[in-house]
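# Chain and residue survey
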Amino acid sequence: MSPDLSVEFEHLRQGGWRCIENTVPIEWPAAIVVRYPWIPRDISEAMAGLMEVVSPDQKCWLLTSREYAGDSDSVFAWNEWEQQSIEAAGDDLEWIRQIELFWDKHLPIALSVRDGYGYFALREDGSVVGGQEPDFEGTAVVASSYSSFLSLLAEETGKGFHSQDPFI
């Protein structure tokens, strides 16, 4: 893991987040690597090296390679909100295509059930956006980078989650 990200994960730990590292990094599934070839190496290595990253209230968690591989205890799939959007689209093939195109450019990196269903995603341009139900594809930029996002989480944890973002 890069030194910058190590520092950010340590700040999360100090804020009460449960951050458990893997003894051996978990490989990313080939389907994820193919769909998201633009994921920066430091971020993919960080996710591969972590087993679990969960907020103090257990209502927000960062996705790790375990979730992407389908090898976690989570009741939600890593792409749960994409699946729900596709289900809502029914037989509308154009709507489904638009949903899939959106998610091709947005890798979910955190899920939240703090105030309904929400998520954070790494966008293809490197920024982190947040979205929540009912319009999962309606997003707002919350951080300019993954490292900045982790810093924001640590800062908000220190405030007791009284953020302007309802799902942080």
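Our subject is the structure that appears above.
An account of the accompanying structure is given in this report. (Residues numbered from 1 in each chain as written. Predicted model: local features only at pLDDT ≥ 70, side-chain atom pairs only at ≥ 80, totals over all residues. Heavy atoms only, no water.)

### What to know about the side chain of S85
Rule in force here: Note on conventions: DSSP H or I runs of at least 4 residues are helices, E runs of at least 2 residues are strands, and numbering of each starts at the N terminus. Throughout, a residue-residue contact means that at least one pair of heavy atoms, one from each residue, lies within 4.5 Å.
Residue placement: S85 occurs in helix α5 (residues 80-89). Ignoring anything within four residues of it in the chain, the contact list for S85 reads I99, F136 and E137.

### With respect to unusual backbone geometry
Backbone geometry follows two general trends: most residues other than glycine have a negative phi, and most peptide bonds adopt the trans configuration. Rule in force here: Accessible area is worked out with a 1.4 Å probe on protein chains only. A residue is then buried under 20% of its type maximum, exposed over 50%, and partly exposed in between.
The omega torsion of the bond from E133 to P134 falls at 5 degrees, within 30 degrees of zero and hence cis. Its identity as a non-glycine residue notwithstanding, Q58 has a phi of 60 degrees, on the positive side. Relative to the assigned elements, Q58 resides in the loop between β2 (50-54) and β3 (60-62). Classification of Q58 by relative accessible area gives exposed; the value is 52%.

### Section: the packing of aromatic side chains
Note the following rule: Each Phe, Tyr or Trp ring (for Trp, its six-membered ring) is paired with any other whose centre lies within 6.5 Å, and the angle between the two planes then decides the class: stacked below 30 degrees, edge-to-face above 60, tilted in between.
Under the defined criterion, the tally for this structure stands at 13 aromatic pairs. Consider the rings of F102 and W103, whose centres lie 5.0 Å apart with planes at 85 degrees: the pair is edge-to-face. By relative accessible area, F102 is classed as buried at 14%. According to the relative accessible area criterion, W103 is buried, its value standing at 1%. On the numbers, 5.0 Å between centres and 55 degrees between planes, the contact of W103 with Y119 is tilted. A residue pair is termed long-range when its members are at least 10 positions apart, and W103 in helix α6 (residues 93-104) and Y119 in strand β5 (residues 118-123) qualify at 16 residues.

### Details of the layout of surface pockets
Applied cut-off: In this analysis a 1.4 Å probe is tested at points of a 1 Å grid over the protein atoms alone, and where it fits but cannot get out there is a cavity; an open set with protein on both sides within 12 Å along at least five of seven lines is a pocket; lining residues have an atom within 4 Å of a point. Grid points are joined across faces, edges and corners, and a volume is the space filled by probe spheres set on the points. Three classes are used, and their members are as follows: Ala, Val, Leu, Ile, Met, Phe, Trp, Tyr, Cys and Pro are nonpolar, Asp, Glu, Lys and Arg are charged, and the others, Gly among them, are polar.
Here the largest pocket is characterised by a volume of approximately 240 Å³. E52, V54, W61, E67 and S74 are the residues nearest the centre of the largest pocket, which is lined by 15 residues in total. Among the elements of the structure, β2, β3 and α4 (65-68) are those that each provide at least two residues to the lining of the largest pocket. With 4 residues, the single largest contributor to the lining of the largest pocket is β2. Classifying every residue of the lining of the largest pocket by side-chain character gives 7 nonpolar, 3 polar and 5 charged.

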